[in-house]
Amino acid sequence: MTMAEEGVLVFSEDEEITLQLLGKGRELADKLDAELSALSVGEGVENSDTYVEHGADKVYVADNPGLSDFAVEPYGSVLLEAVRRASPEIILIGATKRGKELAPRFAAALDTGCMTECISLDVDDERRLIAERLTYGGSSIATEVSHKKPHMATVPPRVFKKPEPKKRTGEVVEISSDIPSPRVVVIERRKKSGGNLGLEEAPIIVSAGRGFRERGDLQLLEELADVLGAKIGCTRPVAADSGWLDEWIGLSGRKVRPRLYIACGVSGTVQHAAGIRDAKIIVSVNRDESANIFQLSDYGVVADLYQFLPALTKALKQKLG
Ligand SMILES: Cc1cc2nc3c(=O)[nH]c(=O)nc-3n(C[C@H](O)[C@H](O)[C@H](O)COP(=O)(O)OP(=O)(O)OC[C@H]3O[C@@H](n4cnc5c(N)ncnc54)[C@H](O)[C@@H]3O)c2cc1C
């Protein structure tokens, strides 16, 4: 990069995450007294006004049929072109699956570092980017400082709040560089089936651990979920080993932040805890009073889930009608 790096550039292929990054990006750009840019990529993209309303001073738009689907080479080349034009000192990328594929390659191409999955960001007096990241399976928080420009960071969904839109003006810059062909060609797409999808947005989650003996027993949890209007989550063995549900919660799974999380037959390992640390209220049901989940819980019930869940569901049905 050249010496004249200034400002903040944000990118995610997901509009909602871009808006969240714009909120934090605006704060950092104001502290640096610099410009905030966003990159919008795809075919028929129409979000530049939205990005300006949410804080962008400039929106780089790459609108091209070759960008209708995400592929790392074309998206990477467009991002590189945006960085060449904006010459930012900070680049924030959404830590989606795609963002995680793009960011490290892109950092290598720029010969810089990348702080991944940051949960807080700030700048210091020397305009360096400071990030907090979870370490040791979410049991501690590391503070890191980026020493090389452009400073790069990836940010998971919903870490930062989307700002309120305001009437603002901004500049739209078209990017029409050559788009390289992707090296991987997608030959088929299949929609994921219902299952326990949508966990990340769910306000209430009831969750199954290995305390459930059989797949059919999950009905106890489904009945509770019905009464509470909750989504069903689980630990990794329940999904990955037993195949009872599609997705699990935790370090290697989904990170959730419901208002209420009810863990049933879950031991509370550090890997599972990493996915529920942002839950507002954690209630756990476990027959082992020394189970670690009780250390993480606001309310703990020492009971056999096979007796407790039907009783809880019945009581809630009576109470909630
Ligand atoms: C690299 C790596 C990444 C991982 N990532 C994740 C992750 O993202 N998410 C995740 O969840 N795990 C993850 N794991 C697995 C993790 O280490 C644990 O194996 C897992 O979290 C344990 O799941 P569990 O609580 O369902 O099972 P267990 O640890 O076996 O606990 C079952 C609990 O149920 C209780 N119980 C049994 N019967 C009853 C009953 N009738 N009534 C009430 N309670 C009962 C027991 O007392 C026990 O506490 C990962 C592991 C590795 C190595």
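## Looking at the pattern of salt bridges
Counted according to the given criterion, the structure contains 25 salt bridges. A salt bridge links D30 to R26; its shortest N-O distance comes to 2.9 Å. Of this pair, D30 and R26 both sit in helix 1 (residues 15-32), four residues apart, roughly one helical turn.

## Examining the sheet that holds strand 14 (residues 299-302)
Where strands meet in a sheet, backbone hydrogen bonds hold them as pairs that are either parallel or antiparallel. Ordered in space as 11-10-12-13-14, the five strands form an open sheet in which the pairing is parallel. Edge strands, defined here as strands with exactly one partner in the open sheet, are strand 11 (231-234) and strand 14. Neighbour-to-neighbour, the strand axes of this sheet turn through a mean angle of 20 degrees, independent of strand direction. Strand contacts of helix 5 (residues 219-228): strand 10 (204-208), strand 11 and strand 12 (260-264), with the helix running at about 175 degrees to strand 10, the strand carrying the most contacts.

## Comments concerning the site of the ligand
Around the ligand sit 25 residues, and of these R210, T235, S252, S267 and N286 come closest. A distance of 3.1 Å separates a nitrogen atom of the ligand from a polar atom in the side chain of D304. Protein chains shield 77% of the accessible area of the ligand, which is 990 Å² for the free molecule. At the level of secondary structure, the elements contributing two or more residues to the shell around the ligand comprise helix 6 (236-241), helix 7 (270-276) and helix 9 (305-320). Across the shell around the ligand, the residue classes tally to eight nonpolar, 12 polar and five charged.

## What about the packing of aromatic side chains?
One pass over the structure, following the stated rule, counts three aromatic pairs. An aromatic cluster of three or more residues is present, and its members are F11, F70 and Y75. Lying over the aromatic face of Y306, R213 brings its terminal NZ or CZ to 4.1 Å of the ring centre.

## Thoughts on the pairing of strand 3 (residues 58-63)
In terms of residue burial, strand 3 counts as a mostly covered element, since five of its six residues are buried. Pairing geometry for strand 2 (residues 36-42) and strand 3, over six bridges, is parallel. In the sheet register, G42 faces strand 3, and the bridge partner there is D63. For the crossover from strand 2 across helix 2 (residues 48-53) to strand 3, the handedness is right-handed. With four bridges joining them, strand 3 and strand 9 (residues 171-174) adopt parallel strand pairing. Its bridge partner being in strand 9, K58 is matched across the sheet by E171.

## Some details on the sheet that holds strand 7 (residues 140-145)
Strand order in this open sheet of three strands is 5-6-7, and the pairing throughout is antiparallel. Pairing within the sheet leaves two strands with one partner each, and these edge strands are strand 5 (118-123) and strand 7. Ignoring strand direction, the axes of neighbouring strands in this sheet form an average angle of 20 degrees. Taken together, the six bridges between strand 6 (residues 129-135) and strand 7 define a ladder with antiparallel strand orientation.

## Quick notes on the nonpolar core
Counting 28 residues, the largest nonpolar core has V8, V10, L22, L92, L121 and L129 as its most contacted members. It is helix 1 that provides the largest number of residues to this core, a total of seven residues. Not counting residues up to four positions away in its chain, the partners in contact with V8 are G25, L28, A29, L32, E35, L36, S37, P88, I90 and L92.

Cut-off values and rules
- Residues numbered from 1 in each chain as written.
- Predicted model: local features only at pLDDT ≥ 70, side-chain atom pairs only at ≥ 80, totals over all residues.
- Heavy atoms only, no water.
- Salt bridge = Lys/Arg side-chain N within 4 Å of Asp/Glu carboxyl O.
- Helix = DSSP H or I, 4+ residues; strand = E, 2+ residues; numbered from the N terminus.
- Pairing = 2+ DSSP bridges.
- Axes fitted to C-alpha atoms, helices over the stretch in contact; angles between N-to-C directions.
- Contact = heavy atoms within 4.5 Å.
- Near = heavy atom within 4 Å.
- Polar contact = N/O pair within 3.5 Å; in protein donor to acceptor, adjacent residues only side chain to side chain.
- Areas by Shrake-Rupley, 256 points an atom, 1.4 Å probe, with all protein chains shown as cover.
- Nonpolar A, V, L, I, M, F, W, Y, C, P; charged D, E, K, R; others polar.
- Phe/Tyr/Trp six-rings, centres within 6.5 Å; stacked < 30°, edge-to-face > 60°.
- Lys NZ or Arg CZ within 6 Å of the ring centre and 35° of its normal.
- Buried < 20%, exposed > 50% of the residue type's maximum accessible area, 1.4 Å probe, protein only.
- Right-handed = clockwise from strand over helix to strand, strands pointing away.
- Core = buried A, V, L, I, M, F, W, Y, C linked by side-chain atoms within 4.5 Å.

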